[in-house]
Amino acid sequence: MTDVFVESFKESHPDARVQELRLYEVAIPEIDLDLLTGWKALGDGEHFAHLSSAQQNKITLFNNYTQQFLDSDLVVIANPLWNLSVPTRLKAWIDTVVVSGRTFRYNEQGEAEGLAGGKRVVHLQASGGHFDAQDPACQYVKGVFSFLGCDVDQIAAEGMDHDPDRAEEIMEGAFERVRELARSI
């Protein structure tokens, strides 16, 4: 579905700059002890150069993904439904874009406000069962990016395991919905 979206989007938006990020081909820092202790040290006034190389590397990667998200007008997320959730690499990447003070903030009343308004997120998901995009993974992705202030569109290709004889038909239907969305953005 991702390839179909990108191809259709490029056809209808020939001047758009498309940058692909394939999460299983790049390093995505998970929030771990290096990040937590590095952030604490920086918060306590430590200079970045005094952090360990692991802390520096992970903080730099993390910040770069945050900035890449902020610099994008349109973000396309594609994933399979795995055990009613998103793959762990996608969760780690989402952690890099949900950053207090950058993509959301707390106002004077202590309420959270999204800072990524005007940004559009397209979520494409394939699953073997039928969930009508109401499964925990779709709800998580929509909830997180709506919280950040993004407009979220979702297309789910569902039921290939439930009805394998219709798998090709299911995917063709999803491809057509993806093409329509890519042209309409």
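Source: prediction; values computed, not measured.

Asks: Can you walk me through the UniProt feature "domain: Flavodoxin-like fold" (unreviewed entry) in the protein chain in this structure?
Replies: The residues that UniProt annotates with the feature "domain: Flavodoxin-like fold" (unreviewed entry) are residues 2–180. The annotated region residues 2–180 carries 43% helix and 16% strand content, and the separation between its end C-alpha atoms amounts to 13 Å.

Asks: Would you mind going over the sheet that holds strand β5 (residues 151–158) with me for this structure?
Replies: What links the strands of a sheet is backbone hydrogen bonding, and the strands pair in either a parallel or an antiparallel sense. Judged by pairing direction, the sheet is parallel, and its three strands sit side by side in the order β1-β4-β5 without closing on themselves. Both edges of this open sheet fall to β1 (74–80) and β5, since each of them pairs with a single strand only. Each adjacent strand pair in this sheet contributes to an overall mean axis angle of 15°, direction not counted. Relative to β5, strand β4 (residues 120–127) runs parallel, the two sharing eight bridges. Following the sheet pairing, Ser127 is matched in β5 by Glu158.

Asks: So what exactly am I meant to see when it comes to the environment of Leu23 here?
Replies: Within the secondary structure layout, Leu23 lies in the loop between α1 (2–12) and α2 (33–43). Along the primary structure Leu23 and Trp93 are separated by 70 residues, whereas in three dimensions their C-alpha atoms are 7.8 Å apart. Among residues more than four places away in sequence, those in contact with Leu23 are Ile28, Arg89, Leu90 and Trp93.

Asks: Explanation requested: the packing of α2 against helix α3 (residues 53–71) in the structure shown.
Replies: Each packed pair of helices is defined by two parameters, the angle between the axes and the distance between the axes. The geometry of α2 relative to α3 is characterised by a closest axis approach of 9 Å and an angle of 90° between their N-to-C directions. With respect to each other, α2 and α3 are oriented roughly perpendicular. Contact with α2, carried on its side by Asp34, Leu35, Thr37, Gly38, Trp39 and Leu42, involves Ala54, Gln55, Lys58, Ile59 and Phe62 of α3 and no other residues of that element. Class assignment of the residues belonging to the contact of α2 with α3 gives a composition of six nonpolar, three polar and two charged.

Asks: Explanation requested: the side chain of Ser8 in the structure shown.
Replies: Locating Ser8 in the fold gives a position in helix α1. Beyond its immediate sequence surroundings of up to four residues, Ser8 is in contact with Arg179 and Ala182.

Asks: How should helix α6 (residues 167–184) be read in this particular structure?
Replies: Counting along an α-helix, one turn takes 3.6 residues, and residues three or four places apart therefore face a common direction. Between its first and last C-alpha atoms α6 spans 26 Å; for 18 residues at 1.5 Å apiece the expected length is 26 Å, and the two agree. For α6, the full list of buried residues reads Ile170, Ala174, Phe175, Val178, Leu181 and Ala182. Across the axial projection of α6, the buried residues extend over an arc of 135°, all falling on one side. Of the residues in α6, the exposed ones pointing more than 90 degrees away from the buried face are Glu168 and Ser184.

Asks: When you look at the side chain of Thr66 in this model, what are you seeing that I'm missing?
Replies: The residue Thr66 is located in helix α3 in this model. We classify Thr66 as buried; its relative accessible area is 1%. If we skip the residues at most four places from it in the chain, Thr66 touches Thr96, Val99 and Arg102.

Asks: What exactly am I supposed to notice about the packing of aromatic side chains here?
Replies: What characterises a pair of aromatic rings is the spacing of the ring centres plus the angle enclosed by the ring planes. Inspection of every chain in the model, using the stated rule, returns seven aromatic pairs. Between Phe5 and Phe9 the ring centres are 6.0 Å apart and the planes differ by 10°, which places this aromatic pair in the stacked class. Here Phe5 and its partner Phe9 are both found in helix α1, four residues apart, which amounts to about one turn of the helix. This pair shows no difference in class: Phe5 is buried, exactly as Phe9 is.

Cut-offs used in this document
- Residues numbered from 1 in each chain as written.
- Predicted model: local features only at pLDDT ≥ 70, side-chain atom pairs only at ≥ 80, totals over all residues.
- Heavy atoms only, no water.
- UniProt positions renumbered as here; feature names shortened; annotations may be inferred.
- Helix = DSSP H or I, 4+ residues; strand = E, 2+ residues; numbered from the N terminus.
- Pairing = 2+ DSSP bridges.
- Axes fitted to C-alpha atoms, helices over the stretch in contact; angles between N-to-C directions.
- Contact = heavy atoms within 4.5 Å.
- Parallel < 35°, antiparallel > 145°, perpendicular 65-115°, else oblique.
- Nonpolar A, V, L, I, M, F, W, Y, C, P; charged D, E, K, R; others polar.
- Expected span 1.5 Å × (residues − 1).
- Buried < 20%, exposed > 50% of the residue type's maximum accessible area, 1.4 Å probe, protein only.
- Arc of directions from axis to C-beta.
- Phe/Tyr/Trp six-rings, centres within 6.5 Å; stacked < 30°, edge-to-face > 60°.

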